[in-house]
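Spelled out from the first residue to the last, the chains are:
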Amino acid sequence: MIMTPKSAILLGGSCVAAIAAVGCVFELTSGNPEYGTLVTGIILAVSAPLTVICFLAAVADARANNQ
């Protein structure tokens, strides 16, 4: 499979969003989130779906450029 710059950026974005989501889960389970429960929950709610969307877009772009 050939990786294009677009798919590399999307895959990198997926990694960053996944790290943010995991960090938010740890913050929320610690009992005292540094940025507050609301802000941390919003970051989690945005970063979790963004992880999946960016990953699927990266795979679709790589597959499209493989043919």
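Residues numbered from 1 in each chain as written. Predicted model: local features only at pLDDT ≥ 70, side-chain atom pairs only at ≥ 80, totals over all residues. Heavy atoms only, no water.

- Labelled according to an unreviewed UniProt entry, the protein appears under the name Lipoprotein, originating from Leptolyngbya boryana CZ1.

1. Considering the overall build of the protein
Next, step 1: Across its full length, the protein holds two helices and zero strands.
Next, step 2: The globule rule puts the C-alpha radius of gyration for 67 residues at 11 Å, and the 15 Å found for the protein is more than 25% above it.
Next, step 3: Of all 67 residues assigned to the protein, the portion counted as buried reaches 21%.
Next, step 4: Contacts spanning at least 24 positions in sequence make up 67% of the contacts within the protein whose residues lie at least 6 apart. (Helix = DSSP H or I, 4+ residues; strand = E, 2+ residues; numbered from the N terminus. Rg over C-alpha atoms; globule rule 2.2 N^0.38 Å. Buried < 20%, exposed > 50% of the residue type's maximum accessible area, 1.4 Å probe, protein only. Contact = heavy atoms within 4.5 Å.)

2. Observations concerning helix H2 (residues 37-66)
Next, step 1: Helix length check: H2, at 30 residues, gives a terminal C-alpha distance of 43 Å against a target of 44 Å (1.5 Å per residue), a fit within 8%.
Next, step 2: Listed as buried for H2 are Thr40, Ser47, Thr51, Cys54, Ala58, Asp61 and Ala62.
Next, step 3: Buried residues belonging to H2 abut helix H1 (5-30). (Expected span 1.5 Å × (residues − 1).)

3. Thoughts on H1
Next, step 1: Compared with the 38 Å implied by 1.5 Å per residue over 26 residues, the 38 Å span of H1 between its first and last C-alpha is a close match.
Next, step 2: Of all the residues in H1, the buried ones are Ser7, Ser14, Ala17, Ala21 and Cys24.
Next, step 3: Tucked inside the fold, the buried residues of H1 contact H2.

4. Examining the environment of Thr29
Next, step 1: With respect to the helices and strands, the residue Thr29 is situated in helix H1.
Next, step 2: For Thr29, a relative accessible area of 61% translates into the label exposed.
Next, step 3: Along the backbone, Thr29 and Thr51 are 22 residues apart, and their C-alpha atoms lie at a distance of 20 Å.
Next, step 4: Engagement of the side chain of Thr29 in a polar contact is seen with the backbone oxygen of Phe26, the distance being 3.1 Å. (Polar contact = N/O pair within 3.5 Å; in protein donor to acceptor, adjacent residues only side chain to side chain.)

5. A short note on the environment of Leu50
Next, step 1: Along the chain, the position of Leu50 falls in helix H2.
Next, step 2: Taking the C-alpha atoms as reference points, Leu50 and Val16, 34 residues apart in sequence, are found 9.7 Å from one another.

6. Section: the environment of Asp61
Next, step 1: Position of Asp61 relative to the elements: it lies in helix H2.
Next, step 2: It is 38 Å that separates the C-alpha atoms of Asp61 and Ser30, two residues lying 31 residues apart in sequence.
Next, step 3: Ignoring sequence-local partners within four residues, the contact set of Asp61 consists of Thr4, Lys6 and Ser7.

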